[in-house]
Each structure stands twice: as C-alpha cells, then as structure tokens.
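Residue-level structure breakdown
Okay, here's what each chain looks like letter by letter:
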Amino acid sequence: YQRRVRDGSRYNGELAGRQVSTMARSCIRDVLAEQCKLERVLYTTKNAPTFESLVRGSGVGHSGSFDDRLSCGSTMRCWASMFFSAGQIQVDFLYTLVSGGLWQQILGNPNMVASHILGNSTPASDTVGAFCRWRVGASLELLKAQLVHEDSIEQLPRVFFCSMSWVRTGGETEECQDHEFALVKRRGEGGKLQFQLIQGYVAGDGFDGFGLVGWQASGHRFASHVGFDLGELSAFVEGLCRFSNNKLWDVQNHNVMFGRGEASFDGHMYWPSFSFHELGDESIVGHGERPMSDQLRYQRRYFEQRLLASSCILP
C-alpha cells in the first residue's frame, strides 16, 4: 500500500509537470503567433509606431520597466513582457530574465570582471583572453546541443535568451560593448525545425539603431519572422564560434550575424564572453495571464481596420 502511494504521488507529480510544460508551450506558441501578426501589420501600415513604443505606451506593468532608448536590451524587455502577467512586468524581473541578473552578469562576463580588476593592458592579457575564449566555446557547445536536440512537438517552442560582450584590450582606454538577443526554436510547416532571431540594436558608428520590426523588415539573412532552417542555424552558430575563437575583432562576421559590424573595434584585440538561459515553464505559467500580449492584440486589430479602410491588402 505504501509503495502504491509513493508511486501514485510520483505519477501525479510527473503528470502535473507535463501539464505545466504543455501550458507553457501553448503560451509561447500563442505569443509568437501574435507577435508575427503584429509585426506584419506594423510593417504594412504607413507611419505605424514601433513595436517598442506600443509596449511602452500600453500602460501594462510597472511604469519604469521600459526605457525610451532604442537598444538590444530595450527590445528584449519589450518582447519578453508579452509572456507575463502585469505583476511580473517590472524592471528587476525583466532584467533578470533577459540578462540573467547581477550574479549571472558577473559570472558570465569574466572579460569585464578581469578588465575592471586588472585593466585591459595587463601583462596577463593572453592568459585572460584564452580563458575567456574557452568559456565562450563551452557555453556555445551547450547552446548548440539544445538547439539541435530532437525535441518532440510537445516540447516546442523553446526560447533562449543570449548575452554576449566584448572588451577591447591593449589600448590606452577601455572600451566594451554587449549585445542581447533571443533564439526561438519551433516546428514550422511540415514539422520541420525553424529558428528565429529576436533582437534590436543600439545606434552607433554612424548608423541608426533599429527595433524589432525594423530588424524583421530589414531583409537580413537571419531577420525573417518566418524563421530559418538548420542549415542557416549552423551558419549563425559558426559566426558565434568565430566571435569566440578570434583574437582580433571581425567587423564582417558581426555584421553577418546581427546586421551591424561595430566598426570601432575593427582589428583590435578583445576578450569575449557569452552566456544563455532558457525561458522556464515556471516563469510563464506562474500567473496564467498575458495582459501585454492581449493589449497588443487590440492594437493589431485597430491597425488591421485602418488597412482595410484604406483598401490595403496584407502580404
């Protein structure tokens, strides 16, 4: 009898876990579908606001959760807010979700820690650089394993938040930069694996920044909201590996991946870092509501009415 009780408890626990996972996948699937519809409408509508401005003006969540600056972090926080309840949409929660929080930033960015403690012209530069590249390589292997893993349809979509940074070394002044983005893994038509790169980018080096819709409409190799296949994923991961292995900054490589080259680092030695974490089931279904996604759905329907009124056909 006691064994049956233990087995029953274990079964109920596993069943509850599967139910939570199913709910989380359904939530992610719904949000991604709404995101694609909204992007298409905003791209088609003349003088439409940006995705980020719609999120900031929604009135959902804590008033300080989003800033006006166009950047990768701003786009990621706006996009991530679509998955959560109003109580979760606050600065600390979104920062921890997208960037991993303070300790993750410290542990995941040994390049910046070393630069702060030792300076970027330390005699141990080669040793620090070798350690940083080893750390990035190990993290990329873990990410690649998750991306190519043969998940069942019930386990998809999956969302991976990624953070990379680089510190220029050997110069008189320290210069560092970071970039945050997300990779979505899902099943497309016919059950084939598809991947999507979610990002924005801050202005700099003589070019304008862009938000999520600007990125998706850019025509860049990895920009389409329809996604790309395993072959293109391999090319993207190869670019990340070059970021890990190179000692000198490669403008072309960064531009191929993200549509911006960071020309101020061109030809300079640098220390890289990279970390990632997955959007967990417990975060998504903790409250069972998605007011930001709902609000954006209302906005999307409004713009659809405008398009219909102007006899504009959606692509």
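Residues numbered from 1 in each chain as written. Predicted model: local features only at pLDDT ≥ 70, side-chain atom pairs only at ≥ 80, totals over all residues. Heavy atoms only, no water.

This next bit is on the overall build of the protein. Scanning the protein from terminus to terminus reveals 12 helices and four strands. Counting only residues that meet the buried cut, the protein has 45% of its 315 residues in that class. In the protein, 70% of the contacts between residues at least 6 apart in sequence involve partners at least 24 apart. (Helix = DSSP H or I, 4+ residues; strand = E, 2+ residues; numbered from the N terminus. Buried < 20%, exposed > 50% of the residue type's maximum accessible area, 1.4 Å probe, protein only. Contact = heavy atoms within 4.5 Å.)

Looking along the chain, the bond that leaves Leu156 and enters Pro157 is cis, with omega of 5°. Within the secondary structure, Pro157 is located in the loop between helix H7 (125-148) and strand S1 (158-168). A positive phi is found at Glu262, a non-glycine position, where the angle reads about 55°. Within the fold, Glu262 resides in the loop between helix H10 (251-258) and strand S4 (270-278). A residue is classified by how much of its surface remains accessible, and Glu262, at 4% relative accessible area, is buried.

What follows concerns the packing of helix H9 (residues 230-245) against H10. Contact geometry for H9 and H10: axes closest at 10 Å, N-to-C directions at 145°. In this structure, H9 meets H10 at a crossing whose hand is left-handed. Contacts between H9 and H10 involve Phe236, Gly239, Leu240, Arg242 and Phe243 from the first element and Asn253, Met257 and Phe258 from the second. Looking at the contact of H9 with H10, its residues break down into five nonpolar, two polar and one charged. (Axes fitted to C-alpha atoms, helices over the stretch in contact; angles between N-to-C directions. Left-handed = near helix turned anticlockwise from the far one by under 90°. Nonpolar A, V, L, I, M, F, W, Y, C, P; charged D, E, K, R; others polar.)

Right, let's get into the pairing of strand S3 (residues 193-198). For a regular strand, the rule is simple: side chains alternate between the two faces of the sheet. Buried residues dominate S3, accounting for five of its six residues. Direction of pairing for strand S2 (residues 175-187) relative to S3: antiparallel, over a ladder of six bridges. For Arg187, the partnering residue across the bridge sits in S3 and is Leu193. Connecting the antiparallel pair S2 and S3 is a turn made up of five residues, with Gly190 showing a positive phi of about 80°. (Pairing = 2+ DSSP bridges.)

So, on to the confidence of the model for the protein. Mean pLDDT over the protein works out to 81, with 81% of the residues at or above the 70 mark. Taken together, the stretch residues 1-17 has pLDDT below 50 and engages in one contact with residues farther than four places along the chain or on a different chain. (pLDDT = per-residue confidence, 0-100.)

For the rest of this paragraph, the subject is helix H3 (residues 72-80). Counting buried positions over the nine residues of H3 gives nine, a clear majority of the element. Every buried residue of H3 is listed here: Cys72, Gly73, Ser74, Thr75, Met76, Arg77, Cys78, Trp79 and Ala80.

With that out of the way, let us pick up the layout of surface pockets. In this structure, the largest pocket encloses a volume near 310 Å³. Lining the largest pocket are 14 residues, with Arg29, Arg186, Arg187, Gly188 and Gln194 positioned closest to its centre. Those elements that place two or more of their residues in the lining of the largest pocket are helix H1 (2-44) and S2. Examining the composition of the lining of the largest pocket, we find that four residues originate from one element, H1, more than from any other. (1 Å grid on protein atoms, 1.4 Å probe; cavity = no way out; pocket = protein on both sides within 12 Å on 5 of 7 lines; lining within 4 Å. Points joined across faces, edges and corners; volume = space filled by probe spheres on them.)

Within the structure shown, the criterion is met by 14 salt bridges. Two residues, Arg300 and Glu34, come together in a salt bridge whose shortest N-O distance is 2.7 Å. Of this pair, Arg300 sits in helix H12 (residues 291-309) while Glu34 is found in helix H1, placing the two residues 266 residues apart along the sequence. Accessibility assignment for this pair places Arg300 and Glu34 in one class, buried. Residue Arg168 pairs with Glu175 through a salt bridge whose shortest N-O separation is 3.1 Å. Looking at Glu175, the relative accessible area reads 24%, which means it is partly exposed. (Salt bridge = Lys/Arg side-chain N within 4 Å of Asp/Glu carboxyl O.)

This part is about the sheet that holds S4. Remark on secondary structure: sheet strands pair via backbone hydrogen bonds, oriented parallel or antiparallel. As summarised here, the arrangement of the four strands in space is S3-S2-S1-S4, forming an open sheet in which the pairing is antiparallel. If you trace the sheet from one side to the other, it starts and ends with S3 and S4, each paired once. Across the sheet, the axes of successive neighbouring strands diverge by a mean angle of 20°, strand direction being ignored. Alignment of S1 against S4, held across nine bridges, turns out to be antiparallel. Considered in S4, the bridge of Phe160 is made with Glu278. Relative to the sheet, H9 contacts S1, S2, S3 and S4, its axis offset from that of S4 by approximately 140°. Across the sheet, H10 is in contact with S1, S2 and S3; its angle to S1 comes to roughly 160°.

With that out of the way, let us pick up the side chain of Ser58. Examined against the element boundaries, Ser58 turns out to sit in the loop between helix H2 (51-56) and H3. Judged by its relative accessible area of 15%, Ser58 falls in the buried class. A distance of 3.2 Å separates a polar side-chain atom of Ser58 from the backbone nitrogen of Val60. If we skip the residues at most four places from it in the chain, Ser58 touches Met292 and Gln295. (Polar contact = N/O pair within 3.5 Å; in protein donor to acceptor, adjacent residues only side chain to side chain.)

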